[in-house]
Amino acid sequence: MTNAPPKTVKDVVTDFLGSAPSLDEIAAYRLPQELQERAHALLELNRGGSLSDNDRSEMEEFRQIDHLLTLVKAKAKLKLQAQAS
């Protein structure tokens, strides 16, 4: 039996978005704790100058997904505000 590879931040976020969340769920979304901890660990490695090439690629993926989530969450919040008006 083979083990499935660990889910990447991209996998987790696209699984969430693919589940058709409500605007409220999108606005409140946070990465699972284990991924938040991994992002912080990568930042610490970066500060210490000890990122491997794989770590650097993973950190870049976190940065890109964070930027995308920031935009999606902001648009969800704007739509919620418009609906409340």
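Described below are features of the structure shown in this document.

Each value, and the rule that gives it
- Residues numbered from 1 in each chain as written.
- Predicted model: local features only at pLDDT ≥ 70, side-chain atom pairs only at ≥ 80, totals over all residues.
- Heavy atoms only, no water.
- Helix = DSSP H or I, 4+ residues; strand = E, 2+ residues; numbered from the N terminus.
- Rg over C-alpha atoms; globule rule 2.2 N^0.38 Å.
- Buried < 20%, exposed > 50% of the residue type's maximum accessible area, 1.4 Å probe, protein only.
- Contact = heavy atoms within 4.5 Å.
- Axes fitted to C-alpha atoms, helices over the stretch in contact; angles between N-to-C directions.
- Parallel < 35°, antiparallel > 145°, perpendicular 65-115°, else oblique.
- Left-handed = near helix turned anticlockwise from the far one by under 90°.

1. Here we look at the overall build of the protein chain
Scanning the protein chain from terminus to terminus reveals four helices and zero strands. What you see in the protein chain, going N to C, is helices and strands ordered as α-α-α-α. Its C-alpha atoms give the protein chain a radius of gyration of 16 Å, more than 25% over the compact-globule value 12 Å for 85 residues. Each principal axis of the C-alpha distribution contributes one length, and for the protein chain these read about 50 × 40 × 15 Å. A burial count over the protein chain gives 24% of its 85 residues as buried. Of all intrachain contacts in the protein chain linking residues separated by at least 6 positions in sequence, the fraction that spans at least 24 positions is 53%.

2. Topic: the packing of helix α3 (residues 33-47) against helix α4 (residues 53-84)
Closest axis-to-axis distance for the α3/α4 pair is 10 Å, and the angle between their directions is 125 degrees. If you check the angle between α3 and α4, you find them oblique. For α3 against α4, the interelement crossing comes out left-handed. From α3, L35, R38, A39, L42, L43, L45 and N46 reach across to α4, where they touch D55, R56, E58, M59 and F62.

3. So, unusual backbone geometry
Glycine aside, the phi torsion of most residues is negative, and most peptide linkages are trans. At A20, a position not held by glycine, the phi torsion is positive, near 55 degrees. On the secondary structure map, A20 appears in the loop between α1 (9-18) and α2 (23-28). With a relative accessible area of 66%, A20 lands in the exposed category.

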